[in-house]
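# Examining the three-dimensional arrangement
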Amino acid sequence: MKHVALSGGQADGWDAPALNQASTAPEPWTEARLFLYLRTGVEDRHGAAAGPMAPVIAELSRVPEADVQAIAIYIASLMPAASASPAAQPAVRPVTADAAILFAGACGACHGPDAPGGRVSLALSTTLAAPEPNDAARLLLVGLQPPAGQSGPFMPGFAEALTDTQLAELLRYLREDIAGRPAWTDLDDAIRRARQPATE
């Protein structure tokens, strides 16, 4: 099968989102946003580097800024012209008290309405807009940790703190009520896979 440039893929159990016309990101990537993401590992309208992308960002933090800018320019040159972003869908189910409590306890300090600035907008998160819940489930379980001795985005993992039922409820809330997207299916399978060590 022919590979399409910037169409995404999988590595170590993580999904790499498409950067071409197949992208489901609420807002298109731009050269400036690509540069910020590649340089710092965080872009407030798309998300933070995780999984196998985290060490790539750590290595790029050591190269000259002009080289990272050149990479961003090159990737942007391969991307199709930006079109209208897919419209977010209204929430498809009412918010439950349990979901709101889970969000407030697990995520609210950093991502709630009164959280300090500079955080990734969950409503615009590429991970929450993805067609599959794999990366979102993995992020909730393992969190984000910068490489040892380096700075970078941090988020605690909730693998020990939340049950699979709670994780599924939180994922539903994040996807449908925060991101305003249609429901994901097979959340139980996504959580089960995310709890298994990567084998690829």
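Because the structure is a prediction, the values reported are computed rather than measured.

### Some details on the overall build of the protein
Looking only at helices and strands, one finds nine helices and four strands in the protein. Secondary structure elements in the protein, listed N-terminal to C-terminal, are β-β-α-β-β-α-α-α-α-α-α-α-α. Put simply, the protein has 200 residues, and 36% of those count as buried. Contacts in the protein between residues far apart in sequence, at least 24 positions, make up 64% of those at least 6 positions apart.

### Observations regarding the environment of serine 121
Inspection of the secondary structure puts serine 121 in the loop between α5 (108-111) and α6 (126-129). By relative accessible area, serine 121 is classed as partly exposed at 26%.

### A short note on the packing of aromatic side chains
A full pass over the atoms with the stated rule returns two aromatic pairs. For the pair tryptophan 29 and tyrosine 37, a centre-to-centre distance of 5.4 Å together with 70 degrees between the ring planes defines the contact as edge-to-face. Judged by relative accessible area, which is 12%, tryptophan 29 ranks as buried. Using a relative accessible area of 14% as the deciding quantity, one classes tyrosine 37 as buried. Measuring from centroid to centroid gives 5.3 Å for phenylalanine 103 and tyrosine 173, while their planes differ by 50 degrees, and the two rings are tilted.

### Description of the nonpolar core
Within the largest apolar cluster, 24 residues are counted, with the highest numbers of intra-cluster contacts made by Phe103, Leu128, Leu140, Leu170, Leu171 and Leu174. With six residues, the top contributor of residues to this core is helix α8 (residues 164-178). Those residues in contact with leucine 170 that sit more than four places away from it in its chain are Leu102, Phe103, Ala106, Cys107, Leu140 and Leu162. By size, the runner-up hydrophobic cluster in this structure holds 13 residues, among which are Trp29, Leu38, Ile57 and Leu60.

### Describing the confidence of the model for the protein
Put simply, the protein has an average pLDDT of 83, and 87% of its residues get 70 or more. Put simply, helix α4 (residues 97-106) is where the protein has its lowest mean pLDDT, 82, and helix α7 (residues 134-142) is where it has its highest, 95. Low pLDDT (under 50) marks residues 83-92, which in the prediction has 17 contacts with non-local residues, meaning those over four places away or in another chain.

### Overview of the environment of alanine 123
Structurally, alanine 123 is set in the loop between α5 and α6. Placed 53 residues apart in sequence, alanine 123 and glutamate 176 show a C-alpha to C-alpha distance of 9.8 Å.

### Observations regarding the pattern of salt bridges
According to the stated counting rule, one finds seven salt bridges in the structure shown. A salt bridge links arginine 172 to glutamate 169, with the shortest nitrogen-to-oxygen separation between them at 3.7 Å. Of this pair, arginine 172 and glutamate 169 both sit in helix α8, three residues apart, which is roughly one turn of the helix. Residue classification places arginine 172 among the partly exposed residues on the basis of a relative accessible area of 31%. Given a relative accessible area of 17%, glutamate 169 falls into the buried group. For arginine 192, the salt bridge is made with aspartate 189, and the minimal N-O distance between the two is 3.5 Å. With arginine 192 and aspartate 189 both in helix α9 (residues 187-195) and three residues apart, this pair spans about one turn of that helix. Residue classification places arginine 192 among the partly exposed residues on the basis of a relative accessible area of 42%.

Definitions and limits used
- Residues numbered from 1 in each chain as written.
- Predicted model: local features only at pLDDT ≥ 70, side-chain atom pairs only at ≥ 80, totals over all residues.
- Heavy atoms only, no water.
- Helix = DSSP H or I, 4+ residues; strand = E, 2+ residues; numbered from the N terminus.
- Buried < 20%, exposed > 50% of the residue type's maximum accessible area, 1.4 Å probe, protein only.
- Contact = heavy atoms within 4.5 Å.
- Phe/Tyr/Trp six-rings, centres within 6.5 Å; stacked < 30°, edge-to-face > 60°.
- Core = buried A, V, L, I, M, F, W, Y, C linked by side-chain atoms within 4.5 Å.
- pLDDT = per-residue confidence, 0-100.
- Salt bridge = Lys/Arg side-chain N within 4 Å of Asp/Glu carboxyl O.

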